[in-house]
Amino acid sequence: MSEDQDCHTIAETSTRIPKLTSSVHDIAAEKPPFGSRFLTDQSDVWTQNAWDHVPPPEDQTEAIFASLARQRVAPVPGSDREKYNAKPAKYWDNFYKANAGNFFRDRKWLHLEFPELLTAAQSDAGDVTICEIGCGAGNTAFPLLSANKNPKLMIRAFDYSSHAVKLVQANSLYQDPPVGSIQAAVWDLSCENSLPPGVAPESVDIVVLVFVLSALHPDEWEKAVRNIHRMLKPGGVVLLRDYGRYDLTQLRFKSGRLLEDNFYIRGDKTRVYFFELGRWRSHDCSPLLLFTLTFTDELALIFTGTRPTSAQKTCNTVQIAEESRDDSYNGSLTLFAHSESRDDQISRDLPPLPGVEIHPTLLRPHVPHPPSPPFSIEQLGVDRRLLVNRRRQLKMYRVWVQGKFRKSPID
C-alpha cells in the first residue's frame, strides 16, 4: 500500500483546467517542485529509484496477459470463497493484531492531494465534521489531527476491525487531542441502510475513503455508497484513493489468490479489488512526452450510477518536462479534471488493454437512488509510477486511482 502525490497537467481544451494540486513544472525554476522526476530519456531510467507519470511500456501488455492467464488457471477453490467473503472483518482483526500500528505509514500527503482537509483544519473554518471510513490504525486521522488548528473540527474514525479501532483509541492523540476532537468506533460500511454510531443523517461534511472500496466485495459497493450518501450533508464530498487495474500488486498474485476477475485474497486473507482505469496513448513530441487518458468507468458507475458521458470523459494532455533530483519526496499524481466538450475519437483510436472490463455488478439494473445521480464527479485521476530496483535492474509499475465525488446539493 502506498500514498503518493503531486500533479502536472495541461488540457487540450479551449479553457484552462483549474489548478488542482500543483502547476506544470517550470523547467527554468531554480528549485523544481517535489515529485517532478520525469523520464524523458530511457537511458536515464536507472539513475533514480522512482519516476512519475510513467505509462506502461508496449511489452507490458504481454506481461499482463501472462499474469492473468496464470491466475485464472488456479483460482481460489469455490469452497473457500464463501469463507473469505463471510467474515472479512475477522481477517483484518488478525492483520492488525499481527502488525499493530507499524505496517502503514502516516498519510502526511493528504493535504496535498485533498486540500479540502487543509481548509477544514484552519482556525476559522468553523463547524466541520470529517468521517474517515476504514480508519485502520489512524494513519489518516492522526496526521490531520496533529495539523489541526480548528477547535470546531470533529474527526470521526470508523473501521469494521475492532482491533484497529482499539489501536486508534489507545493513541495518545486520541486520548488528549491538541485542538478539535476525535471519536472512533466499530462500524461496517457495507451493512444495509446503516449509519455509524453517533452520526446523524446529513451531518458529515467530508468522507475519506483511502484504500477502502477495494476491500469490499463488489456486491457491497452499492450499499456502501448509499450509506455514505445518507451521512453526507447536501454538497458534502467524498475523497477517495484506491488501487488501479494492472498495478504491480495485482500482477504479482500467484495461484490460489483469484476470487473473481480483478478481485483477490492476499496471503493474510484480506481482500483487494483493482479498479478499471483509463488507457494511455503516447505521442513523440521530443523534448516533451505527451500522453492522453480516458475516464475511469467503474468509479463513475459506483458513485453516479452511469458511465461518464463523452462530455465528461477526459482526454487531457500530460506535459512531461525535466525531472527533479530530490529523493526526499516519494509521490506524484497526474490528475484529470472534466473537459467541457469532448468526443470519443481518442477512445475509439485506443486499442483495448487485456482484461479491461467493468464488473458485472455495476452493469445490472439498480434500485433508483434519488436524487439521480446521487453524486457528481469533481475529479478522477490515475497515479502511475515506475519504481526501480537499480541493484537488481528491475522495473516495477504501480497504479492507483483517485477521485472526488460531490453529493448533490438541495434543489
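Residues numbered from 1 in each chain as written. Predicted model: local features only at pLDDT ≥ 70, side-chain atom pairs only at ≥ 80, totals over all residues. Heavy atoms only, no water.

Draft legend 1. Molecular detail of the overall build of the chain. When helices and strands are counted, the chain shows 12 helices and 15 strands. Partitioning the contacts of the chain with sequence separation of at least 6, the portion at a separation of at least 24 is 79%. Total accessible area on the chain stands at roughly 18,300 Å², and carbon and sulfur atoms take up 51% of it. (Helix = DSSP H or I, 4+ residues; strand = E, 2+ residues; numbered from the N terminus. Contact = heavy atoms within 4.5 Å. Areas by Shrake-Rupley, 256 points an atom, 1.4 Å probe, with all protein chains shown as cover.)

Draft legend 2. Summary view of the sheet that holds strand 9 (residues 271-273). Judged by pairing direction, the sheet is antiparallel, and its three strands sit side by side in the order 7-8-9 without closing on themselves. The open sheet has two edge strands with one neighbour each: strand 7 (258-260) and strand 9. Taken pair by pair, the neighbouring strands of this sheet meet at an average axis angle of 30°, ignoring direction. When strand 8 (residues 263-265) meets strand 9, the two strands line up antiparallel, connected through three bridges. What sits directly across from F263, in strand 9, is Y273. Lying over the sheet, helix 2 (residues 78-86) contacts strand 7, strand 8 and strand 9, oriented at roughly 80° with respect to strand 7. (Pairing = 2+ DSSP bridges. Axes fitted to C-alpha atoms, helices over the stretch in contact; angles between N-to-C directions.)

Draft legend 3. The confidence of the model for the chain, seen in detail. The predicted model of the chain has a mean per-residue pLDDT of 75, with 70% of residues at 70 or higher. Across residues 1-34 the pLDDT falls below 50, and counting only partners more than four positions away or on other chains, this stretch makes 101 contacts in the model. Within the model, pLDDT remains below 50 along residues 309-352, and this stretch shows 162 contacts once partners closer than five positions in the same chain are excluded. (pLDDT = per-residue confidence, 0-100.)

Draft legend 4. Focus on the packing of aromatic side chains. Evaluation of the coordinates by the stated rule reveals 16 aromatic pairs. Taking 5.8 Å as the distance between ring centres and 80° as the angle between the ring planes, the aromatic pair formed by Y264 and F274 counts as edge-to-face. A residue pair is termed long-range when its members are at least 10 positions apart, and Y264 in strand 8 and F274 in the loop between strand 9 and strand 10 (281-285) qualify at 10 residues. When sorted by exposure, Y264 lands in the same class as F274, which is buried. Ring plane angle 65° and centroid distance 5.1 Å describe the contact between Y273 and F275, whose orientation is recorded as edge-to-face. On the basis of relative accessible area, Y273 is assigned to the buried category, the value being 0%. The class for F275 is buried, based on a relative accessible area of 0%. Grouped by ring-pair contacts, the aromatic residues F211, Y243, F253, Y264 and F274 constitute a single cluster. (Phe/Tyr/Trp six-rings, centres within 6.5 Å; stacked < 30°, edge-to-face > 60°. Buried < 20%, exposed > 50% of the residue type's maximum accessible area, 1.4 Å probe, protein only.)

Draft legend 5. Spotlight on the state of the cysteines. On inspection of all chains with the given rule, the structure shows zero disulfides. C135 forms no disulfide, and the closest cysteine sulfur to it belongs to C131, at a distance of 9.2 Å. (Disulfide = S-S within 2.5 Å.)

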